[in-house]
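# Observations on chain architecture
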Amino acid sequence: MIISHFNRYFEKHGRKTYIVLGVIISLMFVVFVTPGDVFSGRRGGGNDFGSMYGKKLRRQYVVKKMAETQVGIGLRYPQAMGQDLGTEMIFHETLNRLRILHEAKKRNLDNITEDELRKSIHSNVFFQDQGKFSLEYFQRFKENYLSPRGLTATDFDRIVKENLIIERLE
């Protein structure tokens with residue numbers, strides 16, 4: 001009975017029914033599917049990496065931290081400065097650094113004085129010219145290594161502080 005009723009209705013209004021069904025399906029696609037779902041396979045385009053210690057790990061934050069981690073690794077291990085370490089390794093090392101820094105903060109080992117920071121920068125092999133700190137080498141480092149990664153001098157100071165904290169905790 002219901003099927004015969006539907007068939008008669010469809011014979012009368014078939015074209016209108018297709019149009020209405022097409023509009024409903026299109027509307028559902030537009031409303032419920034975002035471009036991030038289609039292109040990245042995750043809801044919302046994958047801008048969120050979850051949370052760590054109650055702090056949301058957004059894409060911009062993680063990308064900046066990964067750039068800082070790459071510079072930090074290069075400063076601690078000079079042989080790794082020009083190497084392509086791979087995105088996955090940098091990502092895991094970034095998370096590891098965040099864990100270590102959180103642990104240092106819990107233990108109150110995260111206080112670095114300006115003198116310690118200055119000594120660490122001045123004693124780094126990248127900024128040495130005949131055994132002395134070279135401002136020219138430091139400027140070149142900022143221009144050629146920090147700027148392309150979107151980092152500034154204040155970011156560099158934070159990276160050096162983090163390296164000192166990690167060395168302290170290790």
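Residues numbered from 1 in each chain as written. Predicted model: local features only at pLDDT ≥ 70, side-chain atom pairs only at ≥ 80, totals over all residues. Heavy atoms only, no water.

### Some words on the nonpolar core
Applicable threshold: Remark: nonpolar core denotes a set of buried residues (Ala, Val, Leu, Ile, Met, Phe, Trp, Tyr, Cys) joined through side-chain atoms within 4.5 Å. The buried label goes to any residue with under 20% of its type's maximum accessible area, the exposed label to any with over 50%, and the partly exposed label to all in between, with areas taken from a 1.4 Å probe on protein chains only. Secondary structure elements are taken from DSSP: a helix is a run of H or I of four residues or more, a strand is a run of E of two residues or more, and numbering for both begins at the N terminus. For this analysis, residues touch if any pair of their heavy atoms sits within 4.5 Å.
Membership of the largest hydrophobic core comes to 22 residues, with the highest contact counts inside it found for Val 71, Leu 75, Ile 121, Phe 141, Phe 156 and Val 160. Listed by contribution, the elements that provide at least two residues to this core are helix 3 (59–76), helix 4 (87–106), helix 5 (114–122), helix 6 (135–146) and helix 7 (153–169). For this core, the element with the highest residue contribution is helix 7, accounting for six residues. Setting aside residues no more than four positions away along its own chain, Val 160 makes contact with Leu 75, Leu 117, Ser 120 and Ile 121. In this structure, Met 52, Met 66, Ile 73 and Leu 95 belong to the second largest nonpolar core, which totals eight residues.

### Remarks on the side chain of Asp 155
Filter applied, for reference: The definition of a polar contact used here is a pair of N or O atoms within 3.5 Å, where within protein one atom must be able to donate a hydrogen and the other to accept one, and adjacent residues in sequence count solely through side-chain atom pairs.
Mapped onto the fold, Asp 155 is located in helix 7. Of note is the side chain of Asp 155, whose polar atom sits 3.0 Å from the backbone nitrogen of Thr 152. Residues contacting Asp 155, with those up to four places away along its chain left out, are Lys 64, Glu 68 and Gly 150.

### Some points on helix 3
The criterion, for reference: Helix span, as expected, comes to 1.5 Å for every residue beyond the first.
In a regular helix each residue adds 1.5 Å, so 18 residues correspond to 26 Å; helix 3 covers 25 Å between its end C-alpha atoms and thus fits that length. Restricting attention to buried positions, one finds in helix 3 the residues Val 62, Lys 65, Met 66, Ala 67, Glu 68, Thr 69, Val 71, Gly 72, Ile 73, Gly 74 and Leu 75. Its buried side turned inward, helix 3 meets strand 1 (48–52), strand 2 (55–58), helix 4, helix 6 and helix 7.

### Describing the side chain of Glu 68
Of note, Glu 68 is situated in helix 3. Assessed through its relative accessible area of 1%, Glu 68 is described here as buried. Leave out the neighbours within four places in its chain, and Glu 68 touches Leu 151, Asp 155, Arg 158, Ile 159 and Glu 162.

### Some remarks on the confidence of the model for the protein chain
Reading fine detail from the predicted coordinates is not recommended where pLDDT is low. We count it as follows: Each residue carries a pLDDT value, the predictor's own confidence for that position, ranging from 0 to 100.
Of the residues in the protein chain, 85% have a pLDDT of 70 or more, and the chain-wide mean is 78. Per-element mean pLDDT across the protein chain ranges from 50 in helix 2 (residues 35–40) up to 87 in helix 5.

### Quick notes on the packing of helix 3 against helix 6
To keep it simple, the criterion reads: The axes used here are C-alpha line fits, helices contributing only the stretch in contact, and every angle between their N-to-C directions lies in the interval 0 to 180 degrees. With respect to orientation, any angle under 35 degrees is reported as roughly parallel, any angle over 145 as roughly antiparallel, any angle of 65 to 115 as roughly perpendicular, and every other angle as oblique. In this scheme, a crossing is called left-handed if the near helix is turned counterclockwise away from the far one by less than a right angle; it is called right-handed if the turn is clockwise. Residues are grouped as follows: nonpolar covers Ala, Val, Leu, Ile, Met, Phe, Trp, Tyr, Cys and Pro; charged covers Asp, Glu, Lys and Arg; every other residue, Gly included, is treated as polar.
Relative to each other, helix 3 and helix 6 sit at 135°, their axes nearing to 12 Å. Considering the angle they form, helix 3 stands oblique to helix 6. Read as a crossing pair, helix 3 and helix 6 show a hand that is right-handed. Contacts between helix 3 and helix 6 pair Gln 70, Val 71 and Leu 75 from the former with Phe 141, Tyr 145 and Leu 146 from the latter. Of the residues belonging to the contact of helix 3 with helix 6, the class tally is five nonpolar, one polar and no charged.

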